[in-house]
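So the chains spell out like this:
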Amino acid sequence: MRIGNDIGYLTEELHNTARQRLTELSASFGKLAKSFSQLRSVKKELDGEDLNRVFEELSSGLCLGCEKCNICWSQRFDESYNRTRELLKQAAQKGEVTLEEVSKDFLEHCIRTTDFIREVNRSISVAKLKLAWNNRLEESREVVAGQFDEMSRIVEEFSDKLYDSGKIVDMQKRKVYSMLRSHRIRVKRLLVLERENRGIQLHMRAKCTGGRCITTKEAAILLSIVLECRLVPREDAKNVIGKDYADYVFCEDANFQVLTGVARASKTRGELSGDNFSFLYPESGDLIMMLSDGMGTGRKACEESERVIELLEQFLEAGFREESAVKMINSVLVLRPDQTIFSTMDLCVVNLCTGTCEFVKVGAATTFIKRDGIVEMVSSSTLPAGMIRRADYEIKCKKLYDGDFVIMVSDGVLESAKQEEKEEYFKKVIEQIKSVSPQEIANAVLTAALELHEYQPIDDMTVLVCGIWKK
């Protein structure tokens, strides 16, 4: 009994230590974010301090070698200072000044006017270039601050949920052990985790005794009877519980199942499409459809959207929330030296346990939901990723029902419509499709777009379709 208490105490202490370390790590990221934020000082134009530096360069450079320097900057300092400051302000506002724009008063007093104007224009140009680079540096600091802040939030959230486990009352626990023992399965350890809106997950270390084996599917049926919910072996679990202790994981089965379809066309035959997509099935019991449209066409646009999809997959598989993944990817794109190409991000996250669907759109085209012949549109007015420092995204949630279809399209599909109300045109097209096959629906939408231009795509086109049905 004492040994059990010691083990329980040790486990609790390990849990508390881990949570404390993660909390400290989160606080460190938060402090780093705050430090970077305090360094920001982006300026839109040259200020008095910048003009003073230019003034000092002129007075100690060009003017110092002039024979009238003593007269201008000793005997008539105030007059020379005011005239020069006015000229600098004029050059800062317009970008440069010409001889014709210089006041008559200045021309009468300066014997090296042409050289002076040339030096003013050069100095202002250099000052503006420095301002642009400084602003770029400050923007980069802001992006890094945003990354640290997001990492702080992610670690804090992970710390809060790290050891939240589901509660199995003693009676149920005894029933689990008794049921498995009656089938010659000896359980060494049992843990149940509750996943928010995604059912339970049961972890156990077990083995079979008496020289027999049992499949994990059979074990899942036994567990389902005791816990009164439908459990299935996790995809990466072993198929058979053997004679040696091993770890097994069972998940609450989803209430919905999905089928998907995709149809694509490149603007130029034989050339890579600027659109990239992915269907992701993470452990959480979700289906995530991702579509990214690289601005333009060809290899460069393809590489850009492919990079976005790969980053999305990595972040989401690592357990990041969709909003966090979008923010992190946007910050990566903003820091690129070449900002001439941008990419959209379009995510559709279907919770297969509850049937809810979350749409995350970053500069993406309208998505359609078809239900019993009625089509609903999910639109956004955000900018593509990488255009601005703070990710511009919209999140919308919808409830899906048995037999619903989600149709995602890239911008090239909608732009093929010659009508002004392009979304309305494709809404009617989708309403008229009678098929219940996701692949046939995808083909029909793409065909409708191609027909409008005699099967010559005006842009890269991609259609993703997901159909959801109750199990």
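The sections below set out a description of the structure shown in this document. Since this is a predicted model, take the numbers as computed values, not measurements.

The rules behind these values
- Within each chain, residues carry numbers counting from 1 in the order of the written sequence.
- Under the rules for a predicted model, residues below a pLDDT of 70 receive no local features and side-chain atom pairs below 80 are neither given nor counted, while totals for whole chains, interfaces and linings still include all residues.
- With hydrogens and water excluded, all non-hydrogen atoms of the structure serve as input to the side-chain values.
- Note on pairing: two strands pair once DSSP finds at least 2 bridges between them.
- Note on conventions: DSSP H or I runs of at least 4 residues are helices, E runs of at least 2 residues are strands, and numbering of each starts at the N terminus.
- Structural elements are reduced to axes, namely lines fitted to C-alpha atoms, with helices fitted over the stretch in contact, and the angle between N-to-C directions of any two is expressed from 0 to 180 degrees.
- Residue contacts are defined here by distance: any two heavy atoms, one from each residue, within 4.5 Å place the two residues in contact.
- N or O atoms within 3.5 Å of each other form a polar contact, as long as, within protein, one can give a hydrogen and the other can take it, and as long as residues adjacent in sequence are counted only when both atoms are side-chain atoms.
- To pair, rings of Phe, Tyr and Trp, with the six-membered ring standing in for Trp, must have centres within 6.5 Å; the planes then decide the type, stacked if under 30 degrees apart, edge-to-face if over 60, and tilted in the middle.
- Exposed residues in this analysis have more than 50% of their type's maximum accessible area, buried residues have under 20%, and partly exposed residues fall in between, with area computed by a 1.4 Å probe over protein chains only.
- Both a distance and an angle decide whether a charge sits over a ring: NZ of Lys or CZ of Arg must be within 6 Å of the ring centre and within 35 degrees of the ring normal.

The sheet built from 5 strands is open, its strands ordered β7-β16-β15-β12-β13 with antiparallel pairing. Each edge of the open sheet carries a strand with a single partner, namely β7 (256-265) and β13 (374-378). Each adjacent strand pair in this sheet contributes to an overall mean axis angle of 20°, direction not counted. Two elements, β7 and strand β16 (residues 461-470), share 10 bridges in a ladder whose sense is antiparallel. Its bridge partner being in β16, Gln257 is matched across the sheet by Trp469. Where helix α13 (residues 438-451) meets the sheet, its contacts fall on β7, β15 (404-409) and β16, and the angle it forms with β7 comes to roughly 30°.

Moving on, we get to the side chain of Ser292. Examined against the element boundaries, Ser292 turns out to sit in strand β9 (residues 286-293). In this structure the side chain of Ser292 is engaged in a polar contact, spanning 2.8 Å, whose partner is the backbone oxygen of Thr344. If we skip the residues at most four places from it in the chain, Ser292 touches Gly274, Asp275, Asn276, Ser305, Val308, Ile309, Ser343 and Thr344.

Right, let's talk about the packing of aromatic side chains for a bit. One pass over the structure, following the stated rule, counts 3 aromatic pairs. Seen in terms of ring centroids, Phe277 and Phe279 are 6.0 Å apart; in terms of plane orientation they differ by 70°. Their pairing is edge-to-face. Owing to a relative accessible area of 25%, Phe277 belongs among the partly exposed residues under this scheme. Taken together, a centroid distance of 5.7 Å and an interplanar angle of 85° make the contact between Phe405 and Trp469 edge-to-face. Residue Phe405 is found in strand β15, and its partner Trp469 is found in strand β16; the two are separated by 64 residues along the sequence. Note on Phe405: relative accessible area 5%, which makes it buried. A relative accessible area of 22% means that Trp469 is categorised as partly exposed. The positively charged end of Lys188 is found above the aromatic ring belonging to Tyr245, 5.1 Å away from the centroid. It is Lys399 that lies over the ring of Tyr401; its NZ or CZ is 5.8 Å from the centre.

Keep in mind that these numbers describe shape and distance, not what the molecule does.
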